[in-house]
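What follows is each chain in one-letter form.
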Amino acid sequence: MKSTNNVPLLGFAAYSGTGKTTLLEALLPKLTETGLRIGVLKHAHHNFDVDKPGKDSYRLRKAGASQMLISSRNRHALMTETPDAEADFEHLLSRFDHQALDLILVEGCKNIAFPKIELNRQEVGKPWLHPSDDNIIAIASDSELDVAIPTMSINDLDAIKQFILDYVTSRNASSPVAAACCDTLSPAFLSVVQGQQKILEAISPIDATETITLERAYGRILSEDISSPINVPAYTNSAMDGYAIRGEDIAHEQFDVVASIMAGHGYDKTLTKGQAAQIMTGAPMPEGADTVVMREQAIVDGERVGFANASIKLGQNVRQAGEDLAVGQSVFTTGTLVQAPEMGMIASLGMNAVKVKRALRVAVFSTGDEVQAPGTPLNANSIYDSNRYTIMAMLQKLGCEIVDLGILEDNEAVMVQAIVEASKSADLIITSGGVSVGDADFIKNVLEKRGSVDFWRINMRPGRPLAFGDISDVPFFGLPGNPVAVMVSFINFVEPAIKKMQGVLNFEPLKVPAIATESLRSRQGRTEFSRGVYEIDSLTGQLSVKTTGKQGSGILRSMSEANCLIEIAPHIDTVKPGESVTIIPLQGRI
């Protein structure tokens, strides 16, 4: 493969003790004498320090510099502290100056998906890596092997050098597009990111809008900008209970209290020299006053008040008119999701109605003679329809208007009628099951006749079969049939599409790092989504995560027990306890 900037990338994978560094040390001069400019990435499993105690750079790092760049006439080095999480592989590759390199060699990182040469010595006594790693493209060992990939003697440096030179030549001659993506091992498969991009490129926001009362606006998307029609605050007022005075009188020992001003009321006179007004939080400042001394600092003596122990600053504890918002100032833009803070802000502007995107109408149905409605006696060879209820619940959470078409029998005429009718009134159509490329799937024929639908196999687990396209220009999703796969596919593909159709700009699902408390495994080249339970350490605030147990895509209970999905990237096959992994919190989503 080529790295991020199309520099050929090749690794040396072996167990500790095989002599990776020794081989590289002897091999590099042979490669550089051919004119190759080579970068080397070495991954260490143990803690290390490239700096020496006592050196200036070491002292500055230990003093708190998170990045330390040291430079001299002959070289420069950037040392970056990563105490929270190890830098990922793609980020490390991006640190190289790709314009100055012809090849990047990697020592280690054997669990990451990229082309590698396996090194093996019999005396080390470790098992072979190539049977379980399709990314190994050659083997250098001291054993006789009968395998389909090239083999070399681990002691024949010239042979290894020639293989690398041929590899670089072939990589430079190949199409950058074909080699650019490390998470797609087969052209018949799409990565999660590729699937998301294709879907979002085909989706457009709906145009229909409506004006609704503010109390109905929660969860809706603004369809026009909102600017403030008033100053907020509308008038200069006190930020706390206390006494309003003139700033020029700060040095006075005592003041005559001439008024008590409550919130919602005012004082129609002007404070003069030596006067104060008792004032409540939110009450308008009297003319002449510009400073408020808090009540707890006041010494009251009848109708007089003093502030002997207070340190008073001119203008303190006063909120100026228009301090939060001035008339005409932008408050919210089109595409803003209206939630509790937004509703309060809009109400504070005196507005009782807003213009929003019309609620997305989504038609949902299930297919199959074996699918049966809950509440009826279960027939032989049948299953209850759970997926439709799962999908409708997630749609309801997203504020969609649901058109429930129920269960459609395996009859092409029935399906045609239902789907065509749905496309006349719905903005989106969703079903689950019956959308693979198998001949037994009746719905496939209907979709191909009435619309333009692609049947994809996504490089992920669970949730591989996915159909997407349109029926009479109405977007259509055909989700997998397994219950867990339905939810995982919905979160990854349907939710972003719905957000864009609703007018939400640049939607990004929340993803955060957590420390794995158990070993997690995946197959290199695909994205793995495990159901997990995360916890927060009450002392450190650190997130940790473990799986819910068995991860079969039909085990619906595992999803109800989970509070997150654990996402393992395509280039990783093993996450060890104590290592960082990405989680997608599920609260508020399913």
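Residues numbered from 1 in each chain as written. Predicted model: local features only at pLDDT ≥ 70, side-chain atom pairs only at ≥ 80, totals over all residues. Heavy atoms only, no water.

**A few points about the overall build of the protein chain**
Moving on, step 1. Helix and strand content of the protein chain: twelve helices and 37 strands.
Moving on, step 2. Compactness check: the protein chain gives a C-alpha radius of gyration of 33 Å against a globular reference of 25 Å for 590 residues, more than 25% above the reference.
Moving on, step 3. Along the longest, intermediate and shortest principal axes, the C-alpha atoms of the protein chain span 105 × 80 × 40 Å.
Moving on, step 4. Taking the contacts inside the protein chain whose residues are at least 6 apart along the sequence as the reference set, 67% of them involve residues at least 24 apart.
Moving on, step 5. Of the roughly 30100 Å² of accessible surface on the protein chain, 49% is carried by carbon and sulfur atoms.
Moving on, step 6. Here the protein chain contributes 54 positive and 70 negative side-chain charges, whose respective centroids are spaced 3 Å apart. (Helix = DSSP H or I, 4+ residues; strand = E, 2+ residues; numbered from the N terminus. Rg over C-alpha atoms; globule rule 2.2 N^0.38 Å. Contact = heavy atoms within 4.5 Å. Areas by Shrake-Rupley, 256 points an atom, 1.4 Å probe, with all protein chains shown as cover. Lys, Arg positive; Asp, Glu negative; His and termini not counted. Charge placed at Lys NZ, Arg CZ, Asp CG, Glu CD.)

**Some remarks on the pairing of strand β22 (residues 361-367)**
In summary, the side chains of a regular strand alternate between the two faces of the sheet.
Moving on, step 1. When you tally the buried positions in β22, you get six out of seven residues, the bulk of the element.
Moving on, step 2. Relative to strand β25 (residues 401-408), β22 runs parallel, the two being bridged by seven bridges. Across the sheet, valine 362 pairs through a bridge with isoleucine 402, a residue of β25.
Moving on, step 3. Here five bridges tie β22 to strand β26 (residues 428-432), and the two strands are oriented parallel to one another. If you follow valine 364 over to β26, its bridge partner there is isoleucine 430. (Buried < 20%, exposed > 50% of the residue type's maximum accessible area, 1.4 Å probe, protein only. Pairing = 2+ DSSP bridges.)

**Notes on the packing of helix α8 (residues 387-397) against helix α11 (residues 483-502)**
Any two packed helices are characterised by how steeply their axes cross, that is the angle between the axes, and by the distance between the axes.
Moving on, step 1. At a minimum axis distance of 11 Å, the contact between α8 and α11 shows a crossing angle of 30°. In terms of axis orientation, α8 runs roughly parallel to α11. Here α8 and α11 pass one another in a crossing that is right-handed. Contact with α8, carried on its side by Asn387, Thr390, Ile391, Met394 and Leu395, involves Pro483, Val486, Met487, Phe490 and Ile498 of α11 and no other residues of that element.
Moving on, step 2. A breakdown of the residues in the contact of α8 with α11 according to their chemical character gives eight nonpolar, two polar and no charged. (Axes fitted to C-alpha atoms, helices over the stretch in contact; angles between N-to-C directions. Parallel < 35°, antiparallel > 145°, perpendicular 65-115°, else oblique. Left-handed = near helix turned anticlockwise from the far one by under 90°. Nonpolar A, V, L, I, M, F, W, Y, C, P; charged D, E, K, R; others polar.)

**Overview of the sheet that holds strand β1 (residues 9-13)**
Moving on, step 1. Taken in spatial order, the six strands of this open sheet run β2-β5-β1-β6-β7-β8, and their pairing is parallel. Because the sheet does not close on itself, it has two edges, and the strands there are β2 (38-42) and β8 (151-153). Pairs of neighbouring strands in the sheet enclose a mean axial angle of 20°, with direction left out of account.
Moving on, step 2. Inspection of the sheet shows β1 paired to strand β5 (residues 103-107) by four bridges, in the parallel sense. Within β5, the position partnered with leucine 9 by the bridge is isoleucine 104.
Moving on, step 3. Relative to β5, helix α1 (residues 20-32) is tilted by about 165°, and along the sheet it contacts β1, β2, β5 and β6 (116-120).

**A look at the sheet that holds strand β14 (residues 254-261)**
Moving on, step 1. Read across the sheet, six strands follow the order β16-β13-β15-β14-β18-β17 without closing on themselves; strand pairing throughout is mixed. Of all the strands in the sheet, the pair left with one neighbour each is β16 (291-294) and β17 (299-301). The average angle at which neighbouring strand axes cross in this sheet is 40°, direction not considered.

**Digging into the pairing of β6**
Moving on, step 1. Across the five residues of β6, five count as buried, placing the element largely inside the fold.
Moving on, step 2. In this structure, β1 lies alongside β6, joined through three bridges in parallel fashion. Opposite alanine 13, over in β6, you have glutamate 118 as the bridge partner.
Moving on, step 3. As judged from the five bridges shared by β6 and strand β7 (residues 136-141), these two strands associate in the parallel manner.

**Let's talk about helix α7 (residues 340-348)**
Moving on, step 1. Glu342, Met343 and Ile346 are the residues of α7 that are buried. Along α7, the residues classed as buried sweep out an arc of 100° about the axis, all on the same side. Exposed residues on α7 whose side chains face more than 90 degrees from its buried face are Ala340 and Pro341.
Moving on, step 2. Buried residues along α7 sit in contact with β11 (226-227), β20 (330-332) and β21 (353-357).
Moving on, step 3. Just downstream of α7, glycine 350 is the residue with a positive phi angle, here 85°. (Arc of directions from axis to C-beta.)

**Points about the environment of leucine 190**
Moving on, step 1. With respect to the helices and strands, leucine 190 occurs in strand β9 (residues 189-190).
Moving on, step 2. Residues leucine 190 and tryptophan 456, 266 residues apart in the sequence, show an inter-C-alpha distance of 7.2 Å.
Moving on, step 3. Leave out the neighbours within four places in its chain, and leucine 190 touches Gly195, Lys198, Trp456, Arg457, Ile458 and Asn459.

**A few points about the packing of helix α6 (residues 192-202) against α11**
Moving on, step 1. At a minimum axis separation of 10 Å, α6 and α11 run at an interaxial angle of 30°. Relative to α11, the element α6 is oriented roughly parallel. When the axes of α6 and α11 are compared, the crossing they make is right-handed. Contacts between α6 and α11 involve Val192, Gly195, Gln196, Ile199 and Leu200 from the first element and Asn492, Phe493, Pro496, Ala497 and Lys500 from the second.
Moving on, step 2. Tallied by class, residues from the contact of α6 with α11 come to six nonpolar, three polar and one charged.

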